[in-house]
Amino acid sequence: MTDDSAPRPIDLLIHGCQVVTMNAHRDIIRNGAVAVRGTTIVDVGRSSELLAKYAPARTIGGDRFVVTPGMVNTHIHITGEPLTRGYVPDDTPFVENVFEWLCPLYSLFDAAEERTSGQLAAVEMLRSGTTCFLEAGTIRFLDEVVDGLIEVGIRGRVGRWVWDLPPEPSVYRQTTDAAIGHLDRQLHEHRSHAGGRIAAWSILVGHTTCSDPLWKAAKALADQHGVGMSFHMSPSQLDPDTFIAEFGQRPMIHLAEIGVLDRNVAMTHVVRVDDAELALIAESGASVAHCPTTALKVSYGITQFGKMPEMVQRGINVSIGTDGNNASNYSDLMRATYLVAGLFKDARVDPQMFPAEQAYEMATLGGARTMLMDEEIGALAPGRKADIVLHDTDRPEWRPLLNVMNQLVWSADGRGVHTVLVDGKVVVEGGRCTTIDEEKLWADAQRMGESITARSGLPDRAKFPTI
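Report on the accompanying structure.

Rules of the game
- Residues numbered from 1 in each chain as written.
- Predicted model: local features only at pLDDT ≥ 70, side-chain atom pairs only at ≥ 80, totals over all residues.
- Heavy atoms only, no water.
- Phe/Tyr/Trp six-rings, centres within 6.5 Å; stacked < 30°, edge-to-face > 60°.
- Helix = DSSP H or I, 4+ residues; strand = E, 2+ residues; numbered from the N terminus.
- Axes fitted to C-alpha atoms, helices over the stretch in contact; angles between N-to-C directions.
- Left-handed = near helix turned anticlockwise from the far one by under 90°.
- Contact = heavy atoms within 4.5 Å.
- Pairing = 2+ DSSP bridges.
- Core = buried A, V, L, I, M, F, W, Y, C linked by side-chain atoms within 4.5 Å.
- Buried < 20%, exposed > 50% of the residue type's maximum accessible area, 1.4 Å probe, protein only.
- Patch = residues over 30% accessible without salt bridge, like charges linked within 9 Å, V, L, I, M, F, W, Y side chains within 5 Å.
- Areas by Shrake-Rupley, 256 points an atom, 1.4 Å probe, with all protein chains shown as cover.
- Salt bridge = Lys/Arg side-chain N within 4 Å of Asp/Glu carboxyl O.
- Expected span 1.5 Å × (residues − 1).
- Arc of directions from axis to C-beta.

## Remarks on the packing of aromatic side chains
Next, step 1: One pass over the full model with this rule turns up eight aromatic pairs.
Next, step 2: The interplanar angle of 70° and the centroid separation of 5.9 Å between the aromatic rings of F94 and Y300 together place this pair among those described as edge-to-face. Placement of the pair is F94 in helix α2 (residues 94-106) and Y300 in the loop between α10 (292-297) and α11 (302-305), with a sequence separation of 206 residues.
Next, step 3: A network of ring pairs unites the aromatic residues Y106, W161 and W163 as a single cluster.

Here is the structure:
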C-alpha cells in the first residue's frame, strides 16, 4: 500500500522571504517556495507547506531572497553591437547612427566574433535576471550563434538579418529570393534546440528595407511553421514618410492591407504612429516591443509622440526590450523597466501612468505573450517552465524591504541578481554564470571589440582625451 501522505520527490525546492508569482491573482507569498521537477514548476506556496509535501533533492534560497519569474526581453541585438558597445557616439541622430555607424560595424563580424557576441549578450541578460529573449536578427552566422547560446543555457528565439532592398553594405546584400531562402532555411534547420529553449522565428529588419513580396513571404513562413514574426517599425518619422511616398499609406495601414499584422507579430519601437494605425494594431492582436532607453538616447521623441499609454488602453500587448548596445548600452531589463514606469508619468504629467506593478507585468507576462509563450513562462505557477530568479536583498538598494514591487522596479537593478534557473537548471549562482568561463569571455570580447573597431576605420569620437 502506498502512503499518499509521504513527501513526494522533487528535484529542487526554492524558498525566499517573498515569492512574486505573477499568477492570475498576482499573489506575493511571504516565506514562500517554488517546487521544481525537471524543467517544470510543480507547486508554489508557503515554504512550510511545500516542505511537508515534497522531498527535494536540493534546496536553495533563504530568507534574504526575493524569488521572481525570469524576465523576457522582447528586442535585443545580440550580434553586431555587444562587441562594439559604446563605440558609436551618443550624439548621432537616427539616420547617421544606423547607416554611418551601425551597419558598417555589423558588416565586419566573422563567425567567431558573432558567436562570442551572442554569448556576451546572453550572459549579461542571465546575470541581470532575463531568462528569455527575442533577437533583433543575427547578422550572418546564425549556426555559430545558436551553438553559443545553447552552451550558455538561455531561452531565446532567433533569426538572421534579412532584408532585400538596401544595396549596402554589400556583405549582406540580398535579393528577395535569397532573403526568403534565409528565412526558410532557419525555420527548418533551427526549428528547435535544447528541448525548445532555442528556436528560430521569421525575423526581418523591417523599417523600409523589405519589398512587399518579402513581407508576405515572411508572414506566410511564420504561419506555416507556427512561429512568430518580428521587425522594426516607425521609431522615427523616416518610416511613415517613406511609406506615404511609396504607397500613399502609413506603415500599419499598408502592412494590414497586405496581411502582415496578426497576433503572432511583434513590432519594435512603433513610436511615430497615428490613431488609425493604433486601431489596426489593436484589432490584429500584434504586440509592440517598447525600447525606452533607445528612444531616449537616439532621440525618437517618445515623450512627445509616443502612444504607449494609448496602446495599453486599447488592449495592445506592450512588452519591453533593451535593443542594441550602442543605443541602450545595457542588456539589463530591470533598468529598462524602471524607464517604462517613469517616462510617461513625466510626459503626461500623470503619476498614475505605468505604476510599478504594470511595468513589471510588461517585463514578464507581456514578454511571454509577445513570445507566444503565454502559458509557459512569465509567471511562477504549476505547469510553467522553471525559469526563476533569486534577488539578493542583503544589499543597500533592497533595504528596507517594505513594498517588493516598488523595490523591483524603482530601487533594484540586475546587479542584485544572485541565482537564475532556466528550465530548472541553475545557470547563474552567486552572481556568476555557471555554464561558461566568464574570464575567457571578457578577454575574448575585449580583444574582438578592439579588432572590429580598428578594422572599421571609423574614428574614435570619444570627447575626453585618453593619455
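## A few points about the packing of helix α3 (residues 111-127) against helix α4 (residues 142-152)
Next, step 1: At a closest axis distance of 8 Å, the pairing of α3 and α4 adopts a crossing angle of 35°. Judged by the sense of rotation from one axis to the other, the crossing of α3 with α4 is right-handed. Contact with α3, carried on its side by A111, E114, R115, G118, Q119, A122, V123 and L126, involves E144, V145, D147, G148, L149, E151 and V152 of α4 and no other residues of that element.

## Digging into the sheet that holds strand β7 (residues 155-158)
Next, step 1: Read across the sheet, four strands follow the order β5-β6-β7-β8 without closing on themselves; strand pairing throughout is parallel. Here the strands that pair on one side only, and so sit at the sheet edges, are β5 (71-76) and β8 (198-200). Strand-to-strand, the axes of this sheet are offset by a mean angle of 15°, without reference to chain direction.
Next, step 2: Looking at chain direction, β7 and β8 are connected through three bridges and run parallel. Paired with V158 across the two strands is A200, which belongs to β8.

## A word on the nonpolar core
Side chains of nonpolar character tend, in soluble globular proteins, to be buried together.
Next, step 1: Residues L149, L204, W215, M229, F231, M267 and M311 are the most contacted members of the largest nonpolar core, which totals 126 residues.
Next, step 2: Residue contributions to this core peak at eight residues, all from helix α13 (residues 333-347).
Next, step 3: Residues F65, V67, L390 and L421 belong to the second largest nonpolar core, which totals 17 residues.

## Concerning unusual backbone geometry
Next, step 1: The peptide bond linking R399 to P400 adopts the cis configuration, its omega dihedral lying at -5°.
Next, step 2: Inspection of the secondary structure puts P400 in the loop between β14 (388-392) and α15 (404-411).
Next, step 3: Phi at H207 is positive, roughly 55°, even though this residue is not glycine.
Next, step 4: We classify H207 as buried; its relative accessible area is 15%.
Next, step 5: Even without being a glycine, S234 presents a positive backbone phi close to 55°.
Next, step 6: Mapping S234 onto the fold places it in the loop between β10 (229-233) and α7 (238-247).
Next, step 7: On the basis of relative accessibility, which here comes to 0%, the residue S234 falls in the buried class.

## Re the environment of L187
Next, step 1: Residue placement: L187 occurs in helix α5 (residues 176-189).
Next, step 2: Separated by 29 residues in the primary sequence, L187 and V158 have C-alpha atoms spaced 9.7 Å apart.

## With respect to the environment of V227
Next, step 1: With respect to the helices and strands, V227 occurs in the loop between α6 (212-225) and β10.
Next, step 2: Here the alpha-carbon distance between V227 and A200, two residues 27 residues apart in the chain, equals 7.9 Å.

## Regarding a nonpolar patch on the surface
Next, step 1: A cluster of nonpolar side chains, V95, F99 and L238, forms an exposed patch at the surface whose accessible area comes to about 250 Å².
Next, step 2: Considering the arrangement of structural elements, one finds V95 in helix α2.
Next, step 3: For V95, a relative accessible area of 42% translates into the label partly exposed.

## Overview of the sheet that holds β14
Next, step 1: Pairing within the open sheet is mixed, and its eight strands lie in the order β3-β2-β1-β4-β14-β15-β16-β17. What marks the edges here is a single partner per strand, and that holds for β3 (40-46) and β17 (432-433).
Next, step 2: Bridge analysis of strand β1 (residues 8-20) against strand β2 (residues 28-37) gives eight bridges, and the strand direction is antiparallel. Counterpart to V20 in the pairing with β2 is I28.

## Concerning α5
Next, step 1: Its 14 residues place the ends of α5 20 Å apart at the C-alpha level, agreeing with the 20 Å of an ideal helix rising 1.5 Å per residue.
Next, step 2: Taken residue by residue, α5 has A179, L183, Q186 and L187 as its buried positions. The buried residues of α5 occupy an angular sector of 100° when the element is viewed end-on, so they sit on one face.
Next, step 3: Residues of α5 that are buried in the fold lie against α4, β7, β8, β9 (202-206) and α6.

## Some words on the pattern of salt bridges
Next, step 1: For the structure shown, the criterion picks out 31 salt bridges.
Next, step 2: Across the salt bridge formed by R185 and E189, the nearest N and O atoms sit 3.1 Å from each other. Of this pair, R185 and E189 both sit in helix α5, four residues apart, which is roughly one turn of that helix.
Next, step 3: Residue class for R185 comes out partly exposed when judged on its relative accessible area of 32%.
Next, step 4: Look at E189 and you get partly exposed, because its relative accessible area is 47%.
Next, step 5: With a shortest N-O distance of 2.6 Å, R395 and E397 are connected by a salt bridge.
Next, step 6: Looking at R395, the relative accessible area reads 26%, which means it is partly exposed.
Next, step 7: Relative accessible area serves as the criterion here: at 21%, E397 is assigned to the partly exposed category.

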